[in-house]
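# Survey of secondary and tertiary structure
Spelled out from the first residue to the last, the chains are:
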Amino acid sequence: MLRRAVAVATIAFAALCGNRASADDILVGAHMPLTGSLARSGQAFDEGMRVAVQMFNARSGTHKLRLRVIDDESTPAKAVSAVEKLVADGAVAVIGGYGSNIVGPASDAANRLDTTYITAGAASDELTKRGLKTFFRINNNAGYQRGMVGLLKSLKPASVSIVASTKESPSLLAKGLQRDLSAEGVKVTLHEFDPAITDFKPIINKVKLQDRPDALVMAAYENDYVGIIRAARILKPSVKLIVGAWALAVPKLYQEFPDLMNNVVGASFLPFPVEIEDEEGKGFAEAYRKTYDKDVDYHSTLSFVETTILAEAIAKAAEAGTLRTGGLTEAMRTTDRKTVLGPVQFDATGDNPRFSVAMGQHRAGKIVLVSPRSAATGDLVLPARPW
Amino acid sequence: MTPLTPTALPRGGAASRAALPGKAALAAGLLVLALLPVMTGASNYMLGLLISALILAGIALAWALLGNLGGMVSFGHAAFFGVGGYASALLSGKLDLPVLLTVPAGGLIAAAASLAMLPALRLSGPYFALAILAYAQIFRILATEASWLTGGGAGLQGIPGLPSVFGLDLASRTGSYLLLVAIVTLCALAYAAVRRSPVGLALRAIAESEDATRVVGVNSILLKSMMLLLSAFIAGVFGALNAHIIGFLEPEYAFSGIWSLMPIIAAIFGGYRTVIGPIGGAVIIYLFDQVVAKGLIAVGHQIILGIVLVVMVLAAPNGLLGLIRAKGDRDAAA
């Protein structure tokens, strides 16, 4: 009995203490939804981070990073616990996570612990209104809104129906789109839905019979997109375009739901198969393919960029000898660089005002960038719907 | 159902007095155990886990109170937890009331919300369980739809944190932990007092046979209503505390089925017919899952917890405390 108790205590102690960073490397923590409702995105983020650390370590002479990722199980309390554990174990900064509702409490915890926190998975405007000193992010609602409005304006639709989750980021995005498109003289009808619903046929029926729009816009998450497009494929409203925001124009969704995704348009950074101009992007795509035997995608690119920016700021602060005395936050604020996603700078709230997205269209397993004109790798094929 | 044996009834007179030093020692031991993490300077992470475990313990206690005293099996305690959280967050955030006042107010509002469930008290067994599950869904939808008040699906951010009292910052991990230890203890004492009282005896008799107790003149509906209100109050208080500790609420999180399911698992694991069982069950399950199981399998650790629970339910249907007692009885007999 005593031996068993000692064994259990040893396992617990090892779990608590066994992952401390050694004196030679710098521990960077991350919390990601590796299980739960957001796991699909979390796993892709995880891969991008690991490749970024691998590439940074390969080119850095003196400073080596060690990444430790904790599964936050898509729940806020466990994300907070993960931040506390990572900081207690000596992490100099935390990368996380996915979903504004999880990033909000987790970044609050990091701020309380005076630890730099960067995310590429939370676009809500509320996050940057909190005035946290240690919070940074590279993407935001404004960038997605600009990308989607740009595409819609170029098509000059008479009316648009927006189907939006009532969750924070989709809801804010939908309202922003409604405001911008209405200002352009477009008739906009907003249909908000409870995130718990899975049957979208009643909403799509309203869109088909009452709104009769030219375009169906989705502000939601992966599982919602699948449900909405599945309902639309059954009811076939007479729309010319189905367009969504984040995490829609990704190869993985096409691989899993080819009959639902073909011709659909979503926010994207890179075409697929990947065509990258700059050297850093090419290196990333190559290293990613070597490690995971597949091409980079939307989420892995986001996490690659955020991790690279953080890694460079860590190196800068370490060179100055201020890594553990507040220098990392200052080094983050001096960021001003071109990345595979475009330019990244941080304003006083930690937001990246220069973030913008292109729009990509699923086309028989490929993703073609169709907007804006400057980033396009092909023309938009209409009708942009899977039937 | 376990028959109501004489040993399960409250002891009185000399027997009770003889048990007192033992109970005092047990209480002192538990208190020392509860204060150990603070005395040994546990990390914020460990205290954070204990805080989450104690929140779960509070709801497990509320659930066990309803199940043990009155025989009502609830699948909807998430409703009280969510209502308590939203009520306290809104009262403190929108009306600027002190958080220490809005936390019990959250409990009272959750208790008031439970009045809507009174018609379900006419039901029993799985019918009651299903009805209360439906009520929980109704409250979740109300929180989503009343976006002018609750922020809808987007939820509430920046909920005021716990204040400082007599120099102790309750918003700190140590402060929150000590507050939760105190409130869990208070709730356990209240539960134990009700359980020991004639009302508790009548309620346990109702749990065994409601018809029989009505025949002898017990107003079973009134007593069950009182337990529903008390249980909802306790769950609401812990919902309120959780909201102020996490600083965030959305309907999907506040009314998540996890808040209904995990307390049941914790109470059954610990022994839902006892006062200490649900608390111990919640703390052990949560820490085992997050420290041991997650340490062994970082992703998908829930499978270990699932196996442990299956083994536990098969080996000890009366929970951990039942298992310990049975072993004690066997040792005494030997």
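Before reading on, note that the structure itself is shown above.
All values reported here derive from a predicted model rather than from experimental measurement.

When you go through chain A residue by residue, the secondary structure sums to 13 helices and 14 strands. Against the globule reference of 21 Å for 387 residues, chain A gives a C-alpha radius of gyration of 21 Å, in line with a compact fold. Reported as C-alpha extents along the three principal axes, the dimensions of chain A are approximately 65 × 55 × 40 Å. Within chain A, the proportion of its 387 residues that are buried is 62%. For chain A, contacts bridging at least 24 residues in sequence account for 68% of all contacts bridging at least 6. Placing the 46 positive and 42 negative side-chain charges of chain A at their respective mean positions leaves the two points 3 Å apart.

This next bit is on helix α10 (residues 220–246) of chain B. When the terminal C-alpha atoms of α10 of chain B are compared, their 39 Å separation across 27 residues agrees well with the 39 Å that a helix rising 1.5 Å per residue should span. Burial of α10 of chain B is extensive: 21 of the 27 residues sit out of reach of the surface.

In this section: the nonpolar core. All names here are of chain A. The biggest cluster of nonpolar side chains holds 134 residues, and the ones touching the most others in it are I138, Y144 and W246. The element best represented in this core is helix α12 (residues 298–320), accounting for 12 residues. Look past the residues within four positions of I138 in its chain and what remains in contact with it is I118, T119, A120, L302, V305, E306, I309, L341, V344, F346, N352 and F355.

Our next topic: the pattern of salt bridges. All names here are of chain A. One pass over the structure, following the stated rule, counts 28 salt bridges over all chains. Measuring nitrogen to oxygen at the nearest pair gives 3.3 Å for the salt bridge that ties K85 to D89. K85 sits in the buried class, given a relative accessible area of 6%. Overlapping salt bridges bring together R59, E280, E312 and R337 as one network.

Residue and element names in this part refer to chain A. As enumerated under the stated definition, the model contains 16 aromatic pairs over all chains in all. Between Y144 and W246, the aromatic rings sit 5.0 Å apart at their centres with planes inclined by 85°, giving edge-to-face as the arrangement. One end of the pair, Y144, is in helix α5 (residues 141–155); the other, W246, is in the loop between β9 (241–244) and α9 (251–256), and 102 residues separate them in sequence. W246 matches Y144 in its accessibility class, with the two residues each being buried. One aromatic cluster in this structure is built from F45, Y98, Y144, Y221, W246 and F355. Across the ring face of F135, the terminal group of R130 is positioned such that the distance to the ring centre comes to 5.1 Å.

Excluding glycine, residues mostly carry a negative phi; peptide bonds, for their part, are mostly trans. Residue and element names in this part refer to chain A. Put simply, S371 and P372 share a cis peptide bond, and its omega is -5°. With respect to the helices, strands and loops of the structure, P372 is situated in the segment after β14 (366–371). In this structure, the amide linkage connecting L382 to the following residue, P383, adopts the cis form with an omega of 0°. With respect to the helices and strands, the residue P383 is situated in the segment after β14. A positive phi angle, close to 45°, is found at R212, a residue other than glycine. Mapped onto the elements of the fold, R212 is located in the loop between α7 (201–211) and β8 (215–219). With phi around 60°, A247 is a residue other than glycine that occupies positive phi space. Along the chain, A247 turns up in the loop between β9 and α9.

Let us look at the pairing of strand β6 (residues 159–165) of chain A. Residues and elements named next belong to chain A. Of all seven residues making up β6, seven are buried, and the element is well covered by its neighbours. Residues S159, S161, V163 and S165 of β6 are buried on one face, and the alternating residues V160, I162 and A164, pointing to the opposite face, are buried as well. Bridge analysis of β6 against strand β7 (residues 187–193) gives seven bridges, and the strand direction is parallel. Considered in β7, the bridge of A164 is made with E192. Taken together, the five bridges between β6 and β8 define a ladder with parallel strand orientation. The residue bridging A164 from the neighbouring strand is A219, located in β8.

Residue and element names in this part refer to chain A. The interhelical angle for the contact between helix α3 (residues 76–88) and helix α4 (residues 100–112), taken along N-to-C directions, is 30°, at an axis separation of 8 Å. It follows from the interaxial angle that α3 and α4 lie roughly parallel. Remark: the crossing between α3 and α4 carries right-handed chirality. The residues of α4 that touch α3, namely those facing P76, A79, V80 and V83, are N101, I102, P105, A106, A109 and A110.

Glancing now at a nonpolar patch on the surface. Residues and elements named next belong to chain B. On the surface, a cluster of nonpolar side chains totalling about 640 Å² of accessible area is made up of L26, L30, V32, L33, L36, M39 and I276. Considering each element in turn, the nonpolar patch owes the most residues, six residues, to helix α1 (residues 13–39). Assignment of secondary structure puts L33 in helix α1. Accessibility expressed as a relative area gives 56% for L33, which makes it exposed.

Here the focus is the layout of surface pockets. As a volume, the second largest pocket reaches approximately 1200 Å³. Forming the boundary of the second largest pocket are 47 residues, of which S37, E73, S74 and T75 of chain A together with S256 of chain B lie nearest the centre. Among the elements that line the lining of the second largest pocket, the one with the most residues is helix α8 (residues 222–235) of chain A, at six residues. When its residues are assigned to classes, the lining of the second largest pocket shows 21 nonpolar, 16 polar and 10 charged.

Right, let's talk about the interface of chain A and chain B for a bit. Taken together, the 29 residues of chain A in the interface contact 31 residues of chain B. Both faces considered, chain A and chain B share a buried interface measuring about 2500 Å² in area, 60% of it formed by carbon and sulfur atoms. The shortest N-O distance in the salt bridge between E252 of chain B and K167 of chain A comes to 3.5 Å. Put simply, chain A and chain B have 11 residue pairs in polar contact (both at pLDDT 80 or more) between them.

Once that is clear, we can look at the side chain of S107 of chain A. Residues and elements named next belong to chain A. Inspection of the secondary structure assignment puts S107 in helix α4. On the accessibility criterion, S107 (1% relative accessible area) is buried. At 2.7 Å, the side chain of S107 and the backbone oxygen of V103 are in polar contact. Setting aside anything within four residues of it in sequence, one finds S107 in contact with Y117, R130, L132 and F135.

We now examine the sheet that holds strand β5 (residues 135–137) of chain A. Residue and element names in this part refer to chain A. Taken in spatial order, the five strands line up as β2-β1-β3-β4-β5 in an open sheet, and their pairing is parallel. Only two strands of the sheet have a single neighbouring strand rather than two, namely β2 (64–71) and β5. On average, each strand axis in the sheet is inclined to that of its neighbour by 25°, with strand direction left out of account. Bridge count between strand β1 (residues 25–32) and β2: eight bridges; the pairing is parallel. Across the sheet, M32 pairs through a bridge with D71, a residue of β2.

Criteria and thresholds
Residues numbered from 1 in each chain as written. Chains lettered and ligands numbered in written order. Predicted model: local features only at pLDDT ≥ 70, side-chain atom pairs only at ≥ 80, totals over all residues. Heavy atoms only, no water. Helix = DSSP H or I, 4+ residues; strand = E, 2+ residues; numbered from the N terminus. Rg over C-alpha atoms; globule rule 2.2 N^0.38 Å. Buried < 20%, exposed > 50% of the residue type's maximum accessible area, 1.4 Å probe, protein only. Contact = heavy atoms within 4.5 Å. Lys, Arg positive; Asp, Glu negative; His and termini not counted. Charge placed at Lys NZ, Arg CZ, Asp CG, Glu CD. Expected span 1.5 Å × (residues − 1). Core = buried A, V, L, I, M, F, W, Y, C linked by side-chain atoms within 4.5 Å. Salt bridge = Lys/Arg side-chain N within 4 Å of Asp/Glu carboxyl O. Phe/Tyr/Trp six-rings, centres within 6.5 Å; stacked < 30°, edge-to-face > 60°. Lys NZ or Arg CZ within 6 Å of the ring centre and 35° of its normal. Pairing = 2+ DSSP bridges. Axes fitted to C-alpha atoms, helices over the stretch in contact; angles between N-to-C directions. Parallel < 35°, antiparallel > 145°, perpendicular 65-115°, else oblique. Left-handed = near helix turned anticlockwise from the far one by under 90°. Patch = residues over 30% accessible without salt bridge, like charges linked within 9 Å, V, L, I, M, F, W, Y side chains within 5 Å. Areas by Shrake-Rupley, 256 points an atom, 1.4 Å probe, with all protein chains shown as cover. 1 Å grid on protein atoms, 1.4 Å probe; cavity = no way out; pocket = protein on both sides within 12 Å on 5 of 7 lines; lining within 4 Å. Points joined across faces, edges and corners; volume = space filled by probe spheres on them. Nonpolar A, V, L, I, M, F, W, Y, C, P; charged D, E, K, R; others polar. Buried area = accessible area lost by both parts, 1.4 Å probe. Polar contact = N/O pair within 3.5 Å; in protein donor to acceptor, adjacent residues only side chain to side chain.

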